[in-house]
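Take a look at the letters that make up each chain.
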Amino acid sequence: MRLTASDIYSYYRPSRCTLRPYLKHKGVAEAEPGAYVQLILRLGERHEQSHLASLGTFADLRGGSIEERQATTLAEIKKGASIIYQGVLKATESIKGLSCEVVGIPDFMIPQANGTYAIRDSKMSRRITEDDHPEILRQLRLYGWLYERNIGRAPAELQVHSGTGQLIDVVYDHGKSAWQCLHEIAVNVEADQEPYEPVGWSKCDDCGFKDRCWGLAEKTKDVALVEGVDQGLSIALRRMGIKTYPELLDKFNVESLSIVQKPHGAKMQRVGKKAESILRMATALARREEIIIEPPAVPRHENYVMFDLEGLPPQMDEIDKIYLWGMQVFGQKPGAFLPATSSFGEDGDREGWERFLTNSKAIFEEYGDIPFVHWASYEKTNLDKYVQRYGDEDGIAARVRTNLLDLLPITKRSVALPLPSYGLKVIEKYVGFKRTQEEYGGDWSMAKYIEAIETHDDKLRAQLMNEILTYNNEDLQATWAVLQWLLRK
Ligand code: SF4
């Protein structure tokens, strides 16, 4: 078996999953990476190349077989003169009696005055911590272990050239944390049976095996499909012999489910008050029909503003940034789509915010206090963030905040849906809303926006921005469709 540093990556990214490296080792077909993943890869490559260019001359060890590259890497290390780019370090290790070849390809190996090398990887990530990127720390430590195995002494440094351009030191643990992960992967790959891994809506969303795993989970009525049954509870129930939601309904009532213990971080926790809602959701799934819990607490108004933001996470920009503040009034007196986009210049972020405040002010002048309807907490969080960043001189943002109406908790409290998620994109389909664009989504929109920033072709930029605006406008229409559906309950 060949284990590589990429196995550690696929164990943790896009979400922690023991099944993903197993499926990769077994050669199971995976979906092509989407526009967002391709964008990240492209930006990562550019980041790495710009760092390489800053280092001066180097020995380029790309190309050739692993064995040839390993031999050249060791020869270069022996000379101790050059920076080594994409060298190969390889060793053999026994796991439970099984001989494993372990391979690592660090981006840079940099000779030091004391005759050893610093090992460095270039990463787009800006927060290199155990919580944010355990895979990066483990990959570097694996390189350190491979270096020590081959050279007989520890590397001088392990470093990450991060998305901020800083060099972050990684503490060397002689490969211990990397090996915990690789050991689990190797044991799983060698086992007779595929390891069980519960599906999860956000966990599986960006994974190349999503169609495969969700198809199987739906076919087998996996208990993990029940909204409210988290990863820990899925595993705890499985250990009790409960694999499906019909079995859950068959074996438990609210009282008996509430005392089931599930892992929660390092501790165990009772299901408690969530038991009632879990069993209701399982019933909705089993019957394939919705269950009304209480009338939706939507205040009656003649008009409502649908409100939806598109943003970039901090690894994509200097700051986490909202590049589109979308709004539109629906109801008895509908208004035009009011997108406030950030411009591409230096003050673009502030200008986008100010346009949003101007649009909001115009809405208040025409409609008075009117609910700003949104889905989940992103809009509220970013409103607060931008007030902190740029202020709110006329109190418009404060007025928007007072009028915010989050439809997600209202929907959850009022109706149990026969669906595995309460994401807007899932519920809009359920209520019959249809989009015009084949490809869409928050990640897709981010990828299009970055493409628009980077292009020098004005026509292409306008076309990309139009696609993003259409996507955001359809998000608003979808939210309105869900609101109307709720109002009919
Ligand atoms: S789809 Fe979900 S369960 Fe399947 S490999 Fe990916 S993250 Fe794991």
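Residues numbered from 1 in each chain as written. Predicted model: local features only at pLDDT ≥ 70, side-chain atom pairs only at ≥ 80, totals over all residues.

Asks: Quick question: what am I supposed to make of the overall build of the protein here?
Replies: Of the regular secondary structure elements, the protein holds 19 helices and 18 strands. Going through the 489 residues of the protein one by one, you find that 36% of them count as buried. For the protein, contacts bridging at least 24 residues in sequence account for 66% of all contacts bridging at least 6. (Helix = DSSP H or I, 4+ residues; strand = E, 2+ residues; numbered from the N terminus. Buried ≥ 20, exposed ≤ 12 C-beta atoms within 10 Å, placed from the backbone. Contact = placed C-beta atoms within 7 Å.)

Asks: Would you explain helix α9 (residues 231–239) in this entry?
Replies: Count 3.6 residues to each turn of an α-helix, and residues three or four apart come out pointing the same way. Restricting attention to buried positions, one finds in α9 the residues Leu233, Ser234 and Leu237. Buried residues of α9, viewed axially, fall in a sector of 105 degrees; they line one side. On its buried side, α9 packs onto α10 (245–251) and β10 (261–264). Directly after α9, the chain includes Gly241, whose backbone phi takes a positive value near 90 degrees. (Arc of directions from axis to C-beta.)

Asks: It is not clear to me how the nonpolar core should be interpreted in this structure. Could you clarify?
Replies: Side chains of a nonpolar character, in soluble globular proteins, are inclined to be buried together. In terms of nonpolar packing, the biggest core is built from 116 residues, with Val226 and Val305 touching the most fellow members. Top element by residues in this core is helix α19 (residues 458–487). It accounts for nine residues. Apart from the residues within four sequence positions on either side, Val226 is in contact with Tyr245, Ile278, Met281, Ala282 and Leu285. (Core = buried A, V, L, I, M, F, W, Y, C linked by C-beta atoms within 7 Å.)

Asks: Sorry if this is basic, but what is going on with the domain arrangement of the protein here?
Replies: By a widespread convention, an interface's size corresponds to the accessible area lost as its parts come together. Segmentation of the protein into domains returns domain 1 (2–190), domain 2 (221–289) and domain 3 (303–487). A C-alpha centroid distance of 39 Å is found between domain 1 and domain 3. Each side of the interface is counted separately: domain 1 has eight residues, and domain 3 has seven residues. Looking at the side of domain 1 that touches domain 3 residue by residue, the classes come out as four nonpolar, three polar and one charged. (Domains from an automatic or database assignment. Nonpolar A, V, L, I, M, F, W, Y, C, P; charged D, E, K, R; others polar.)

Asks: How do you make sense of unusual backbone geometry when you look at a structure like this?
Replies: Between Arg13 and Pro14 the backbone carries a cis peptide bond, its omega angle lying at 5 degrees. Along the polypeptide, Pro14 turns up in the loop between α1 (5–12) and α2 (19–25). The backbone of His174 sits at a positive phi, close to 60 degrees, despite the residue not being glycine. Relative to the assigned elements, His174 resides in the loop between β9 (167–169) and α6 (176–190). Residue His174 is classed as exposed on the basis of its C-beta count, with 12 C-beta atoms lying within 10 Å. Backbone geometry places Ala376, a non-glycine residue, at a positive phi of 75 degrees. On the secondary structure map, Ala376 appears in the loop between β16 (372–374) and α14 (378–390).

Asks: Explain the environment of Tyr323 here, please?
Replies: Looking at where Tyr323 falls in the secondary structure, it is placed in strand β14 (residues 321–331). Sequence separation of Tyr323 and Gly348 is 25 residues, and the distance between their C-alpha atoms is 8.5 Å. Setting aside residues up to four positions removed in sequence, Tyr323 forms contacts with Glu310, Gly311, Leu312, Thr341, Ser342, Gly352 and Tyr449.

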